[in-house]
Amino acid sequence: IRSFRDTRSRGTRFGQQLVYNPGSRMVARDISITNNGPALGEIVSTGELIDEGDTVLATFRQRVRAWLGRPVLELRIELDVRHEPNGYPWHAFYGARFGWRDDRAVLFRGVNGANAQTGYTRPVSPDYLEVRLGAERSFLFTGGLPFLQRHGSRMVDVILVPEGERGRSFDLLLATDRDVPMQTALGWVSPAPVVVTEKGPPPVGVSSWLAHVDMPSLILTSMKPVEPGNGMNRAVACSFVETAGFGGAAEFRWARDPQEAWLVDGNDNVLDAIPINSDAIPLEYSAGETLRVKAEWS
């Protein structure tokens, strides 16, 4: 990728190439437009990684996707490794190298839901890496790949295949100017599930909602059925984590109003009752706090 740009300033945020460390050249043999529809644009490039003696180290297939109304660029990398890397994994690996234009940029990474500045040469994060330059915020979502290594002052390598790695297909995501990047990081690795049922759509129509929290920086990380209390026949426990670094209050609503709500620990033991305000469960949280809430229905 020569230039990944935002649509306003047209300034380059990222460039990208595939590499074999300690040295290689990425040579494209074919670049094809595989989808040019009204909602999806897709380009696939195939080629080789070669060394100084023009020996083929690996072949690659790289797919780039852009969707209408979704301000991200999807990147799928597929490698067919001919020369297996061996030795110290930080020195011998196949990777995706991303570069930015200004060495004054500051790096941030996702750490337990929070956005934290980093000066590490190896800023480990399974969530994302942010390159910030003034008001510009450029994001590389790694899709669960945690190991990154800076290369000079303007480049970073996402390690794909070190010694012993058997995976050959990898998904990455590029985006710009996200206020709550953990929402994107979580959605990228946990897409909405599809459950096949024999019943038709609900009476409200073909789409509806189950639960809603009105604060985007309060991330819902899990939701599961649990044992209900006395006099109740249904209960669901939900875990939240605050990701913006600010305390505050939020309201948690369900499609069907709950009768009781509780603050519980990790083993679903009740810590305190939460008074329900009309149809909403009020939540109070501190910066970076993790909390678990249990809602019950009779």
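For the structure, see preceding data.
Residues numbered from 1 in each chain as written. Predicted model: local features only at pLDDT ≥ 70, side-chain atom pairs only at ≥ 80, totals over all residues. Heavy atoms only, no water.

Asker: Please set out a nonpolar patch on the surface residue by residue, giving values where relevant.
Answerer: Among the surface-exposed residues, I31, I33 and I43 lie close enough to one another that they form a single nonpolar patch of about 330 Å² accessible area. Inspection of the secondary structure puts I33 in strand 3 (residues 25-36). (Patch = residues over 30% accessible without salt bridge, like charges linked within 9 Å, V, L, I, M, F, W, Y side chains within 5 Å. Areas by Shrake-Rupley, 256 points an atom, 1.4 Å probe, with all protein chains shown as cover. Salt bridge = Lys/Arg side-chain N within 4 Å of Asp/Glu carboxyl O. Helix = DSSP H or I, 4+ residues; strand = E, 2+ residues; numbered from the N terminus.)

Asker: Outline the sheet that holds strand 1 (residues 4-5), supporting the account with residue identities and numerical values.
Answerer: Taken in spatial order, the 5 strands line up as 1-2-7-13-12 in an open sheet, and their pairing is antiparallel. Edge positions in the sheet fall to strand 1 and strand 12 (148-150), since each has one partner strand and no second. With 3 bridges connecting them, strand 12 and strand 13 (residues 155-162) associate as antiparallel partners. Counted as the bridge partner of L148 is V158 from strand 13. (Pairing = 2+ DSSP bridges.)

Asker: I'd like to hear about the sheet that holds strand 17 (residues 234-242), residue by residue, with values.
Answerer: Here 5 strands make up an open sheet; going across it, the order is 16-17-22-19-20 and the pairing antiparallel. Because the sheet does not close on itself, it has two edges, and the strands there are strand 16 (218-225) and strand 20 (270-273). The average undirected angle you get between the axes of adjacent strands in this sheet is 30°. Alignment of strand 16 against strand 17, held across 7 bridges, turns out to be antiparallel. Residue M223 lies in a different strand from strand 17, and its bridge partner there is C238. (Axes fitted to C-alpha atoms, helices over the stretch in contact; angles between N-to-C directions.)

Asker: Give a detailed account of the environment of P89, specifying residues and quantitative values.
Answerer: Here P89 lies in the loop between strand 6 (70-81) and strand 7 (93-99). For P89, a relative accessible area of 38% corresponds to the partly exposed category. Residues P89 and V161, spaced 72 residues apart in sequence, show a C-alpha to C-alpha distance of 8.7 Å. Each residue touching P89, except ones within four places of it in the same chain, is listed here: I159 and P162. (Buried < 20%, exposed > 50% of the residue type's maximum accessible area, 1.4 Å probe, protein only. Contact = heavy atoms within 4.5 Å.)

Asker: Describe the nonpolar core, listing the residues and the values that go with them.
Answerer: If you look at the biggest cluster of nonpolar residues, it comprises 32 residues, and the most contacted ones within it are L79, Y94, F98, L160 and L172. Contributing elements (two or more residues each) for this core: strand 2 (12-21), strand 5 (56-67), strand 6, strand 7, strand 10 (128-133), strand 13 and strand 14 (169-176). Element by element, the count of residues in this core is highest for strand 6, at 5 residues. Counting residues in hydrophobic clusters, the runner-up holds 17 residues, among them L218, F252, I281 and L291. (Core = buried A, V, L, I, M, F, W, Y, C linked by side-chain atoms within 4.5 Å.)

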